[in-house]
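Residue-level listing of the chains:
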Amino acid sequence: QVQLEESGGGLVQAGGSLRLSCAASGLTFSWYGMGWFRQAPGKEREFVAHIGRTGSTYYGDFVKGRFTISRDNAKNTVGLQMNSLKPEDTATYYCAAATAAWVIRQDNEYDYWGQGTQVTVSS
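About the criteria used
- Residues numbered from 1 in each chain as written.
- Predicted model: local features only at pLDDT ≥ 70, side-chain atom pairs only at ≥ 80, totals over all residues.
- Heavy atoms only, no water.
- Helix = DSSP H or I, 4+ residues; strand = E, 2+ residues; numbered from the N terminus.
- Rg over C-alpha atoms; globule rule 2.2 N^0.38 Å.
- Contact = heavy atoms within 4.5 Å.
- Disulfide = S-S within 2.5 Å.
- Buried < 20%, exposed > 50% of the residue type's maximum accessible area, 1.4 Å probe, protein only.
- Core = buried A, V, L, I, M, F, W, Y, C linked by side-chain atoms within 4.5 Å.
- Pairing = 2+ DSSP bridges.
- Axes fitted to C-alpha atoms, helices over the stretch in contact; angles between N-to-C directions.
- Phe/Tyr/Trp six-rings, centres within 6.5 Å; stacked < 30°, edge-to-face > 60°.

Undergrad: Even after reading the chapter, I still don't get the overall build of the protein chain, so can you show me in this structure?
TA: If you tally the helices and strands in the protein chain, you get 0 helices and 11 strands. Sequence-ordered secondary structure for the protein chain, helices as α and strands as β, is β-β-β-β-β-β-β-β-β-β-β. Relative to a compact globule of 123 residues, whose C-alpha radius of gyration would be 14 Å, the protein chain shows 13 Å and is just as compact. In the protein chain, the share of contacts with a sequence separation of at least 24, taken over all contacts with a separation of at least 6, comes to 58%.

In structure tokens:
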């Protein structure tokens, strides 16, 4: 059974940092591209970042150098370092796994999803 478990969310002031982590189990982690998405109340789910099997990285346009995605295949984890956080970054953040190498921003093409972790940025 595949499980993705996010952690690291919380409350932070604007300008602060958080590091999210996603632990994967039940899958051959190195075979999967891993993505982070977020969803704020009343809004559609939004692409945040993706790291491919070979380590290639992609980011949503709003990131503008503030976030960094990374993966550790030995530990089956993917991380998202978020700096210079803004109130508009407030959302539930989800990690997801995709087997197809071409899947990057297409959330409906990801195979597995975590339950999410809440990030709240106060002004």
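Undergrad: I would appreciate a short explanation of the state of the cysteines in the present structure.
TA: Summed over all chains, the structure comprises 1 disulfide. Between the sulfur atoms of C22 and its disulfide partner C95 the distance amounts to 1.9 Å. Highlighted residues: C22 in strand 3 (residues 18-25) and C95 in strand 9 (residues 91-98), separated in sequence by 73 residues. For C22, a relative accessible area of 0% puts it in the buried group. Given the relative accessible area of 0%, C95 is considered buried.

Undergrad: When you look at the nonpolar core in this model, what are you seeing that I'm missing?
TA: Soluble, globular proteins show a tendency: their nonpolar side chains are buried together. Formed by 29 residues in total, the largest nonpolar core has its most connected members in W36, F67, L80, M82 and Y93. Excluding residues that lie within four positions of it along the chain, M82 makes contacts with G16, S17, L18, L20, R66, F67, Y93 and V119. The next biggest cluster of nonpolar side chains, apart from the first, holds 7 residues, and it includes F37, F47, A98 and I104.

Undergrad: Teacher, can you tell me more about the sheet that holds strand 3 here?
TA: Strand pairing in a sheet takes place through backbone hydrogen bonds and is either antiparallel or parallel in direction. Here we have 4 strands laid out as an open sheet, ordered 1-3-8-7, and antiparallel in their pairing. Looking at the sheet topology across the chains shown, the edges are occupied by strand 1 (3-7) and strand 7 (67-72). Recorded for the sheet is a direction-independent mean angle of 15° between the axes of neighbouring strands.

Undergrad: Honestly, the packing of aromatic side chains in this entry has me stumped. Any pointers?
TA: Remark: the centre distance and the inter-plane angle together describe each pair of aromatic rings, the angle taken between the planes. Summed over the entire model, instances satisfying the criterion amount to 6 aromatic pairs. Consider the rings of F37 and F47, whose centres lie 5.6 Å apart with planes at 70°: the pair is edge-to-face. Of this pair, F37 sits in strand 4 (residues 33-39) while F47 sits in strand 5 (residues 46-51); the two residues are 10 residues apart in sequence, bridging distant segments of the chain. For F37, a relative accessible area of 1% gives the class buried. A ring pair is formed by F37 and W113, whose centres lie 5.1 Å apart and whose planes are at 50°; its orientation type is tilted. Residue F37 is found in strand 4, and its partner W113 is found in strand 10 (residues 112-113); the two are separated by 76 residues along the sequence.

Undergrad: Looking at this structure, I do not really get the side chain of D89. What am I missing?
TA: Structurally, D89 is set in the loop between strand 8 (77-82) and strand 9. Discounting residues that sit within four places of it in the chain, D89 has contacts with R38, F62, R66, F67, S84, V119 and V121.

Shape is all these values report; function is a separate question.
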